[in-house]
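Given next are the chains, with one letter for each unit.
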Amino acid sequence: MTLEASASLLEIRGLSKSFPGVKALEGVDFTVRRGEVHALMGENGAGKSTLIKVLTGVYPRDGGTFRLDGVAIAPRSTKDAESVGISTVYQEVNLIPHLSVAENICLGRQPMRWGMIDWRAMARRAEAALARVDLKLDVHQPLASHSIAIQQLTALARALDVEAKLLILDEPTSSLDAKEVEELFQVLRKLRAQGMGIVIVTHFLDQVYAIADRITVLRDGRLVGEYETAKLPRVELVSRMVGRELTKMKAVERGTEAARHAPAPEVLLELRQFGRPGSIAPLDLTVGQGEVVGLAGLLGSGRTETARIIFGIDRARSGEMWLGGKKTAFRSPRHAIQEGLAFTPENRKVEGVIPHLSVRENIILALQARAGLLRPISRKRQGEIADEFIKLLGISTPGPEQAVMNLSGGNQQKVLLARWLAMQPRLLILDEPTRGIDVGAKAEIEKLVQSLREKGMAILFISSELEEVVRGCQRVVVLRDRAKVGELAGDAISEEAILHTIAGSSHAR
Amino acid sequence: MRADRFQKQPARWWSSLIWPLTGLALLLLFNLFFTKGFFHLEIRDGHLYGSLVDIINRGAPVMILALGMTLVIATGGVDLSVGAVMAIAGTVAAELINNPKVPFPAVILAALAVAVAAGCWNGLLVTLFRVQPLVATLVLMVGGRGVAQLITNGQQIYFEDPRLVFVGNGHLLGLPFPALLSLGMLLLTAVLTRKTAIGLFIESVGDNQTASAFAGVNARTVKFLVYTFSGLCAGLAGLIDTSNIKSVDANKIGLSLELDAILAVVVGGTALTGGRFYLVGAIVGALFIRTLTTTMYALNVKSDVAPVPKALAIIAVCLLQSPAFRRRVAGWWAARKS
């Protein structure tokens, strides 16, 4: 017991943090030992980022204590945190691209000489810091001239430049390829051997098992538990993170299975050589009533672009679109909406929610826009609609008047779905509806899509998570390099088959 | 479901008024102690008089401007031209009133119509030609007074017509007419925005234009309407100001009032970045600014230094409104106590 206590580098006890309307962390304990890599796991909205931001002084805490090396600390800014020995590398590389590597590493603590920056000392210090991450660069080059991986390592070097005892890495690998990840891990192992405590936040389970000694799992702002990686099988880890959502996903799978063997549905949307240069090459696509059609492909393969020309955000330059047996072409989203289309965009924050407006206002917005300026929906009716969908979709909010920005990502997505479901659309286009939301909400959204299919809605489902596409879609259209390269149907749909189609020619060669 | 993760209920609509009202109350409190007779009210010839009445009376143009400005700012824009539009409307009215052939209602309608046309012009520039609001309305701010000069041939015009004089100086039911006009405009604006869907659309476009467009909201119509309405407000304000001094000088009417109007909106709690808007807040903001000016007069502060204390008071109210500032003050307070 005493040994363990002395080995612990960071001790967080009873940490609480609330935002207006949401308790992001409640009584969370978290311990990091010297010389270990500790993975902080949990779904989105579990409280990982909040914990890190409170620990590094970005947010003030509401309650709880921090001890570093047995000494109580209370950092009030990231600079404060750095000065006591906590360094952070954030998810997005937050360096300044046009400054040199050396400037980036030393920014804010440049070596001075007679009141001026000592450039030579700075270069030496930068080189020394880079050496710790096994990197040798011309430190005078602008940071932007290097790859993202190098930039990430530079950020790490910067973090190490300040005598760090505890290093925090927030999703450090999300923009790295496998080889680069391995290089990063090499560096981490070396630092671990030197006795540094390392906290890593990541979504990649493989990587957790490759590098982490111990794991702490958070869910809904509460501590679920702390485990030794070696003693926690993956399935256990996932179920700890998720709670009890796996059964729901199984149900979706079974539903899709049944739908795939049902007779071919009546076609609602048909694209014939529909396309737009620079967006998507002319393609054929049909979506039937009561059919979920997946649009799969890598990032930038033209999935969103396809949705945009259907919904009238961008105009098609070639081909025809038929909707319900009528030839149409939409000039604007407004026009598309009038014809019974709905579209939840991929970038929820920028293109979806109206952040400061209430849940109620966000839900009725499209409905009101269709009704027009002069036919306001009465406040009472608005409240009824909002309440109905809050209940139907299980939107977790203190009430319909809460500002949408105070909701978690998954609940914001549900609000957007509610906005469109209230319209009773004929065709629903979902672009990455489950991106950045927790597994629980994911399962609920997949289930909802299934029940919409059963009610006869036509759904175009865009997702980069193949698992999801395979589980929910009757047909899958595969895109590559902004062109359709294949279509899979029924039992032919599998993750492997989609991957092969995406790989396509290179695979055949 | 997970309701225990939430605590606070969302704020009520009047909570946005707390800080501007606090500012106004503090200012009135100051006057209670330091300005003699500030709260003195009396009825002369059946009309109510006193400093307070005067504030509401003389503050009417900025109050009315602030209503239009609030809506424009809520869409994420700004209307710098309102001062110049006041001048145009004023000169049109003054020019026509001296022509005995033009009936009085036509004078008023013509002045307002010209102001509305100016607002439409701004709206067209912003929506159809996608000129940035700041630039688009700057055009009229700079050029508008030239237009007014053209109308008057560069002359100052005087008039005596009692009906036009009434607009800025008359009393109705014992109350000054401009004050009633601003109250009427406040009610009209509130009804127009909250009883139709335009209020919702203004806020959604101002808060997130792309998302609003994706939801089918027609941002162009919304923006066009708010600039047009701002023009109407400017026209009315111009009529009041012109009538008040029974003459019009195209270079002086409404000079710099666009800035007062913007300040009133900001003091009232509407963010310059757009989104939620607060009409009553803007009225309180305009009253705050007018009270400040009156206080300066009462304290015999020279008019060339008056902007300094005025600016300080406005900064104070803006700081009061800033949650970040309040948190910091609360932090210091807690630190000093412990």
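This one's a predicted model, so the numbers in the text were calculated from it and none came from an experiment.

Student: Account for the overall build of chain A, with residues named and values stated.
Tutor: On a plain count of helices and strands, chain A comes out with 19 helices and 22 strands. Here chain A has a C-alpha radius of gyration of 26 Å; the compact-globule value for 509 residues is 23 Å, and the two agree. Dimensions of chain A, computed from C-alpha atoms along their principal axes, come out at roughly 75 × 55 × 50 Å. Split into buried and exposed, the 509 residues of chain A put 48% on the buried side. Long-range pairs, those at least 24 residues apart, make up 68% of the contacts in chain A with a sequence separation of at least 6.

Student: Got a sec to walk through the overall build of chain B? Specific residues and values, please.
Tutor: Looking only at helices and strands, chain B features 15 helices and six strands. At 21 Å, chain B has a C-alpha radius of gyration in line with the 20 Å of a compact globule built from 338 residues. By its C-alpha atoms, chain B is 75 × 55 × 35 Å across when sized along the principal axes. Scored against the burial criterion, the 338 residues of chain B give a buried share of 48%. Long-range contacts, defined here as pairs at least 24 residues apart, represent 78% of the contacts in chain B between residues at least 6 apart.

Student: Lay out the sheet that holds strand β22 (residues 483–489) of chain A with the relevant residues and their values.
Tutor: Residue and element names in this part refer to chain A. Strand order in the open sheet formed by six strands is β18-β19-β20-β15-β21-β22, and the pairing between neighbours is mixed. Two strands close off the open sheet at either side, each with one partner strand: β18 (341–344) and β22. On average, adjacent strands in this sheet sit at an angle of 15° to one another, irrespective of strand direction. Of the strand pairs in this sheet, β18 and strand β19 (residues 427–431) are connected by four bridges, and their pairing is parallel. Following the sheet pairing, F343 is matched in β19 by I429.

Student: Tell me about the interface of chain B and chain A, residues and numbers included.
Tutor: At the junction of the two partners, chain B supplies 29 residues and chain A supplies 37 residues. Looking at the side of chain B that touches chain A, the elements that each hand over two or more residues are α9 (198–207) and α10 (209–214) of chain B. Split by residue class, the side of chain B that touches chain A holds twelve nonpolar, ten polar and seven charged.

Student: How would you explain the packing of helix α5 (residues 104–127) of chain B against helix α11 (residues 219–245) of chain B if you had to name every residue and give the values?
Tutor: All names here are of chain B. Following both chains from N to C, one finds α5 and α11 inclined at 145°, their axes separated by 7 Å at the closest point. Crossing angle aside, the handedness with which α5 passes α11 is right-handed. Taken together, the residues of the contact of α5 with α11 break down into 16 nonpolar, nine polar and two charged.

Student: Account for the pairing of strand β11 (residues 214–219) of chain A, naming residues and giving values.
Tutor: Along a regular strand, successive side chains alternate from one face of the sheet to the other. Residues and elements named next belong to chain A. Of all six residues in β11, five are buried, a share of seventy percent or more. Judged from the four bridges that link them, strand β3 (residues 36–41) and β11 form a sheet pairing that is parallel. By the bridge assignment for β11, A39 is matched with I215. Sheet topology places β11 next to strand β12 (residues 222–228); six bridges connect them, and they run antiparallel. For T216, the partnering residue across the bridge sits in β12 and is E226. Hairpin geometry of β11 and β12 is characterised by an intervening segment of two residues between the two adjacent antiparallel strands and by a positive phi of about 50° at D220.

Student: Any chance you could break down the packing of helix α3 (residues 60–74) of chain B against helix α8 (residues 177–195) of chain B for me, citing the residues and the numbers?
Tutor: Residues and elements named next belong to chain B. One can describe the packing of α3 onto α8 by two numbers: an axis separation of 9 Å at closest approach and a directional angle of 10°. As judged from the angle between their axes, α3 and α8 are roughly parallel. Contacts between α3 and α8 involve A60, M63, I64 and L67 from the former and P178, A179, L181, S182, M185, L186 and T189 from the latter. Here the residues of the contact of α3 with α8 are counted per class, giving nine nonpolar, two polar and no charged.

Student: Mind laying out the confidence of the model for chain A, listing which residues take part and the relevant values?
Tutor: Residues and elements named next belong to chain A. For chain A, the mean per-residue pLDDT works out to 86, and 94% of the residues sit at or above 70. No element of chain A has a lower mean pLDDT than helix α1 (residues 2–7), at 49, and none a higher one than strand β20 (residues 458–462), at 95. Across residues 1–5 the pLDDT falls below 50, and counting only partners more than four positions away or on other chains, this stretch makes zero contacts in the model.

Student: I'd love a proper account of the sheet that holds β11 of chain A, names of residues and values included.
Tutor: All names here are of chain A. Strand order in the open sheet formed by six strands is β6-β9-β10-β3-β11-β12, with mixed pairing between adjacent strands. The strands lining the two open edges of the sheet, one partner per strand, are β6 (86–89) and β12. Across the sheet, the axes of successive neighbouring strands diverge by a mean angle of 20°, strand direction being ignored. Pairing between β3 and strand β10 (residues 197–201): five bridges, direction parallel. Within β10, the residue paired with A39 across the bridge is I200.

Student: Go over the nonpolar core with me, naming the residues and quoting the values.
Tutor: Counting 171 residues, the largest nonpolar core has F461 of chain A together with L65, A66, A89 and A115 of chain B as the members making the most contacts within it. Residues from two domains meet in this core; each of domain 2 (266–340 + 429–448 + 464–509) and domain 3 (347–425) of chain A gives at least three. Excluding residues within four positions of it along the chain, A89 of chain B makes contact with A111, L112, V114, A115, A234, G235, G238 and L239 of chain B. Listed in part, the 69 residues of the second largest apolar core include V37, L135, L184 and V201 of chain A.

Student: Residues and numbers for the environment of L430 of chain A, please.
Tutor: Residue and element names in this part refer to chain A. Its place among the elements puts L430 in strand β19. When the 27 C-beta atoms within 10 Å are taken as the criterion, L430 is described as buried. Taking C-alpha positions, L430 is 23 Å from T397, a pair spaced 33 residues apart along the chain. With near-sequence residues (within four places) excluded, L430 lies in contact with T344, I459, F461 and I462.

Student: Any details on the domain arrangement of chain A? Residues and values, ideally.
Tutor: Residues and elements named next belong to chain A. The domains assigned to chain A are domain 1 (2–242), domain 2 (266–340 + 429–448 + 464–509) and domain 3 (347–425). At the interface, eleven residues of domain 2 touch ten residues of domain 3. Only α12 (333–338) and α17 (439–454) provide two or more residues apiece to the side of domain 2 that touches domain 3. At four residues, α17 tops the list of elements feeding residues into the side of domain 2 that touches domain 3.

Student: Outline helix α2 (residues 51–58) of chain B, listing residues and values.
Tutor: Here α2 of chain B has its buried residues at I55, I56 and N57 of chain B. Elements that come into contact with the buried residues of α2 of chain B comprise α3, β5 (175–176), α8 and α13 (279–298) of chain B.

Student: Could you give an account of the environment of R76 of chain A, with specific residues and numbers?
Tutor: Residues and elements named next belong to chain A. On the secondary structure map, R76 appears in the loop between β5 (71–73) and α3 (78–84). Take R76: there are 11 C-beta atoms within 10 Å of it, and that puts it in the exposed class. Between the alpha carbons of R76 and R435 there is a distance of 32 Å; along the sequence they are 359 residues apart.

Student: So what's going on with the confidence of the model for chain B? Which residues, and what values?
Tutor: This prediction gives chain B a mean pLDDT of 88; 96% of its residues lie at or above 70. Here residues 1–11 of chain B is modelled with pLDDT under 50, and outside its nearest four sequence neighbours on either side it reaches 21 contacts, counting other chains as well.

Student: Break down the environment of R276 of chain A for me, with residues and values.
Tutor: Residue and element names in this part refer to chain A. In this structure, R276 sits in strand β13 (residues 267–276). A sequence separation of 39 residues divides R276 from R315, and the C-alpha atoms of the two residues are 7.3 Å apart. Apart from the residues lying within four places of it in its own chain, the contact partners of R276 are I309, D314, R315, A316 and R317.

Conventions we followed
Residues numbered from 1 in each chain as written. Chains lettered and ligands numbered in written order. Predicted model: local features only at pLDDT ≥ 70, side-chain atom pairs only at ≥ 80, totals over all residues. Helix = DSSP H or I, 4+ residues; strand = E, 2+ residues; numbered from the N terminus. Rg over C-alpha atoms; globule rule 2.2 N^0.38 Å. Buried ≥ 20, exposed ≤ 12 C-beta atoms within 10 Å, placed from the backbone. Contact = placed C-beta atoms within 7 Å. Pairing = 2+ DSSP bridges. Axes fitted to C-alpha atoms, helices over the stretch in contact; angles between N-to-C directions. Nonpolar A, V, L, I, M, F, W, Y, C, P; charged D, E, K, R; others polar. Left-handed = near helix turned anticlockwise from the far one by under 90°. Parallel < 35°, antiparallel > 145°, perpendicular 65-115°, else oblique. pLDDT = per-residue confidence, 0-100. Core = buried A, V, L, I, M, F, W, Y, C linked by C-beta atoms within 7 Å. Domains from an automatic or database assignment.

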